[in-house]
Amino acid sequence: NAGVTQTPKFRILKIGQSMTLQCTQDMNHNYMYWYRQDPGMGLKLIYYSVGAGITDKGEVPNGYNVSRSTTEDFPLRLELAAPSQTSVYFCASSSPRVGRGSTDTQYFGPGTRLTVL
Amino acid sequence: AQSVAQPEDQVNVAEGNPLTVKCTYSVSGNPYLFWYVQYPNRGLQFLLKYITGDNLVKGSYGFEAEFNKSQTSFHLKKPSALVSDSALYFCAVSFIGSYIPTFGRGTSLIVHP
């Protein structure tokens, strides 16, 4: 299994440009997440999905959009890039199971480093 | 609501000495607690977790953590630090029925030779 893969690894955008950060997992996980990581601020949840066709906002959703048409893919869209969106973006997945043996360990991708100038 | 605090931005320890990285939490109900490690320019990797059962949890690379309900803490420990343990460590909390964890701000562990 490749686990969680993200593309691109690095990207520089100009203010106002748009882009899509790709995320794919091959573990058949139902939960997927997008986080941003800023120095000294830990991880902030942008959006998450509990299954194909279902998405919800996290702590910092403004300026971003997501879709989940398949179990495997969870792309993150930036429509009008702003300098405040300069960050490292991580995608993660998990497969919590209710009841005995329930677990929600997250598996993270390698990240996308985005700079908006 | 749930929250987690990592009170130290940085922990310095000499190689061979024991290390502790602190974490306290606040959650409604029984917590799920996690530790993750992040090496430079990499994603987070799972170290260990507490769901239920024994308060002392053993994880990867010789790390362990002790769940203390009365002090609402889940400190990460290792008896003998290695230089290769130098990394950023994150504590996270969720609770039964919620699979959206909240992460702490991270603690940078620096192990000196």
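Each remark here, short or long, concerns the structure printed above.
Residues numbered from 1 in each chain as written. Chains lettered and ligands numbered in written order. Predicted model: local features only at pLDDT ≥ 70, side-chain atom pairs only at ≥ 80, totals over all residues. Heavy atoms only, no water.

### Structural notes on the overall build of chain B
- Looking only at helices and strands, chain B features 0 helices and 12 strands.
- Taken against the 2.2 N^0.38 rule, which gives 13 Å for 113 residues, the C-alpha radius of gyration of chain B at 13 Å falls within 12% of a compact globule.
- The principal-axis extent of the C-alpha atoms belonging to chain B is close to 45 × 30 × 20 Å.
- Counting the 113 residues in chain B, one finds 47% classified as buried.
- Within chain B, contacts between residues separated by at least 24 positions form 57% of all contacts whose residues are at least 6 apart in sequence.
- Carbon and sulfur atoms make up 50% of the accessible area of chain B, which amounts to about 5,300 Å² in all. (Helix = DSSP H or I, 4+ residues; strand = E, 2+ residues; numbered from the N terminus. Rg over C-alpha atoms; globule rule 2.2 N^0.38 Å. Buried < 20%, exposed > 50% of the residue type's maximum accessible area, 1.4 Å probe, protein only. Contact = heavy atoms within 4.5 Å. Areas by Shrake-Rupley, 256 points an atom, 1.4 Å probe, with all protein chains shown as cover.)

### Examining the overall build of chain A
- Counting its secondary structure elements, chain A contains 0 helices and 11 strands.
- The helix and strand sequence of chain A, counted from the amino end, reads β-β-β-β-β-β-β-β-β-β-β.
- Against the globule reference of 13 Å for 117 residues, chain A gives a C-alpha radius of gyration of 14 Å, in line with a compact fold.
- With the C-alpha coordinates of chain A rotated into their principal frame, the extents come out at 50 × 30 × 25 Å.
- In chain A, which comprises 117 residues, the proportion classed as buried is 47%.
- In chain A, the proportion of contacts linking residues at least 24 apart, taken out of those at least 6 apart, comes to 56%.
- Within the structure as shown, chain A displays about 5,700 Å² of accessible surface, and the carbon and sulfur contribution to it stands at 52%.
- Each charge sign in chain A was given a centre, from 11 positive and 8 negative side chains, and these centres are 5 Å apart. (Lys, Arg positive; Asp, Glu negative; His and termini not counted. Charge placed at Lys NZ, Arg CZ, Asp CG, Glu CD.)

### Side note on the environment of E59(A)
Residues and elements named next belong to chain A.
- Considering the arrangement of structural elements, one finds E59 in the loop between β6 (54–57) and β7 (64–66).
- Overall, the relative accessible area of 53% leaves E59 in the exposed class.
- Sequence separation between E59 and Q25 is 34 residues; the distance between their C-alpha atoms is 23 Å.
- Apart from residues no more than four positions distant in its own chain, E59 is found in contact with K44 and L45.

### Section: the pairing of strand β1 (residues 4–7) of chain A
All names here are of chain A.
- Of the two faces of β1, the one holding V4 and Q6 is buried and the one holding T5 and T7 is not buried anywhere.
- As judged from the 4 bridges shared by β1 and strand β3 (residues 19–25), these two strands associate in the antiparallel manner. Across the sheet, T7 pairs through a bridge with Q22, a residue of β3. (Pairing = 2+ DSSP bridges.)

### So, the state of the cysteines
All names here are of chain A.
- By the definition in use, this model includes 2 disulfides over all chains.
- Between the sulfur atoms of C23 and its disulfide mate C91 the distance is 1.8 Å. Taking the sign of the S-S torsion, about -70° here, the bridge from C23 to C91 comes out left-handed. Of this pair, C23 sits in strand β3 while C91 sits in strand β9 (residues 87–94), placing them 68 residues apart in sequence.
- By relative accessible area, which is 0% here, C91 ends up buried. (Disulfide = S-S within 2.5 Å.)

Everything listed here is a matter of geometry and, on its own, says nothing about what the molecule does.
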